[in-house]
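Examination of the molecular architecture
These are the residues of each chain, in order.
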Amino acid sequence: MLFRRLFLCALFVGLCAGLIYSAVQRLQIIPIIAAAEVFESALRGEPAAAVSHHPPGAAAHVHEHDEGAWEPEEGFERTFWNVVSNVLGAVGFSLLLIPVFAWWDRQRGGEAASLRSGLLWGAVGWLCFFVWPSLGLRPELPGEVVADIHARQAWWLLAVVCAIGGLALLSFVVKGYWRWLGVPLLVLPFLIGAPQADGLAFAQFAAADAAQMAYLKAQFVVATALASAVQWLAIGAVAGIVIPRWLRPLLLADSGDRGALRSSVQRVA
């Protein structure tokens, strides 16, 4: 019962956050990607519509083209699958955040989860899944020269895990020296260093086009940061609303049953 309720909460939160993120993405990010694709397609000698890229998410982009891979058509089909991808991604993030958020609420007697605290948890999720990896690997624009995708994905995952672990130690471990292990854990990914491509990001373009791509890159970094912040704040806010309504009663009931069971065992002993 609890797992099913948790999954339904994640579906609802992910649906709301994914739709909000898709709207922001459509307004802020897609126009920048489309402009970059014009320069990239001109460089390749292809029509702009022939170059299709997945929208930016938590992980790095793949700029390599696979001639045999299926890609949605421009227009409604691409927009539809883009929204589906965003919703599924938001559901995945919700499945990571909601159990920890609900556990934190239960530890505080079922009085901590709210819209306000949900915004705080969403901000922490944004810090761990976007800001911390972006300090080493900025969001990548179509046409940009990038390092090996497997190396980038491995470093991104390392940065996320270290951010979560470091903040968890600093926030939840209140006694002893173990708490301060969170500091070197936060720094570890940057001591290792993020994989970077050799040479300039837009060296393959003519000087004027490279300058335009660099300008688009700066806009793209800001736009993706804002869109990701909106997504995570939406996840946290909606989670802060649904947890008290749908999960808290089950968690507190389960906690009460266990407390009663322990009391009975102690009386028998």
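Preceding this section is the structure that the text describes.
**Details of the overall build of the protein**
Of the regular secondary structure elements, the protein holds seven helices and zero strands. Reading the helices (α) and strands (β) of the protein from amino to carboxyl end gives α-α-α-α-α-α-α. Counting over 269 residues, the protein shows a buried share of 39%. Taking as baseline every contact in the protein between residues at least 6 positions apart, the subset at least 24 positions apart corresponds to 77%.

**Describing the layout of surface pockets**
Taken as a whole, the second largest pocket holds about 430 Å³ of empty space. What lines the second largest pocket is a set of 17 residues, and nearest its centre among them are Val100, Trp121, Val124, Ile164 and Phe172. Counting only elements with at least two residues in the lining of the second largest pocket, the list comes to α3 (76–107), α4 (115–134) and α5 (149–172). For the lining of the second largest pocket, the element with the most residues is α4, which contributes six residues.

**Let's talk about the pattern of salt bridges**
Enumeration according to the criterion identifies four salt bridges in this entry. The closest approach of N and O atoms between Arg248 and Asp105, which form a salt bridge, is 3.0 Å. Pair noted here: Arg248 is in helix α7 (residues 207–268) and Asp105 is in helix α3, with a separation of 143 residues, a long-range link. The pair Arg248 / Asp105 is uniform in exposure class, with both members buried.

**Some points on the nonpolar core**
Among the nonpolar cores identified, the biggest contains 29 residues, and Ile98, Phe101, Ile235, Ile243 and Leu247 are the most heavily contacted of them. Of all the elements in the fold, those that place two or more residues in this core are α1 (2–28), α3, α4, α5 and α7. With nine residues, the single largest contributor to this core is α7. Those residues in contact with Ile98 that sit more than four places away from it in its chain are Leu6, Cys9, Ala10, Val13, Ala239, Ile243 and Leu247. By size, the runner-up hydrophobic cluster in this structure holds 15 residues, among which are Tyr21, Ile29, Ile32 and Leu216.

**Focus on the packing of α4 against α5**
A pair of packed helices can be characterised by two numbers: the angle between their axes and the separation between those axes. Running from amino to carboxyl end, α4 crosses α5 at an angle of 140°, the nearest separation of the two axes being 8 Å. Judged by the angle between their axes, α4 and α5 are oblique. For the crossing formed where α4 meets α5, the hand is right-handed. Residues Trp121, Val124, Leu127, Cys128, Phe129, Trp132 and Pro133 of α4 pack against Trp155, Trp156, Ala159, Val160, Ala163, Ile164, Leu167 and Phe172 of α5. A breakdown of the residues in the contact of α4 with α5 according to their chemical character gives 15 nonpolar, no polar and no charged.

Cut-offs and rules
Residues numbered from 1 in each chain as written. Predicted model: local features only at pLDDT ≥ 70, side-chain atom pairs only at ≥ 80, totals over all residues. Heavy atoms only, no water. Helix = DSSP H or I, 4+ residues; strand = E, 2+ residues; numbered from the N terminus. Buried < 20%, exposed > 50% of the residue type's maximum accessible area, 1.4 Å probe, protein only. Contact = heavy atoms within 4.5 Å. 1 Å grid on protein atoms, 1.4 Å probe; cavity = no way out; pocket = protein on both sides within 12 Å on 5 of 7 lines; lining within 4 Å. Points joined across faces, edges and corners; volume = space filled by probe spheres on them. Salt bridge = Lys/Arg side-chain N within 4 Å of Asp/Glu carboxyl O. Core = buried A, V, L, I, M, F, W, Y, C linked by side-chain atoms within 4.5 Å. Axes fitted to C-alpha atoms, helices over the stretch in contact; angles between N-to-C directions. Parallel < 35°, antiparallel > 145°, perpendicular 65-115°, else oblique. Left-handed = near helix turned anticlockwise from the far one by under 90°. Nonpolar A, V, L, I, M, F, W, Y, C, P; charged D, E, K, R; others polar.

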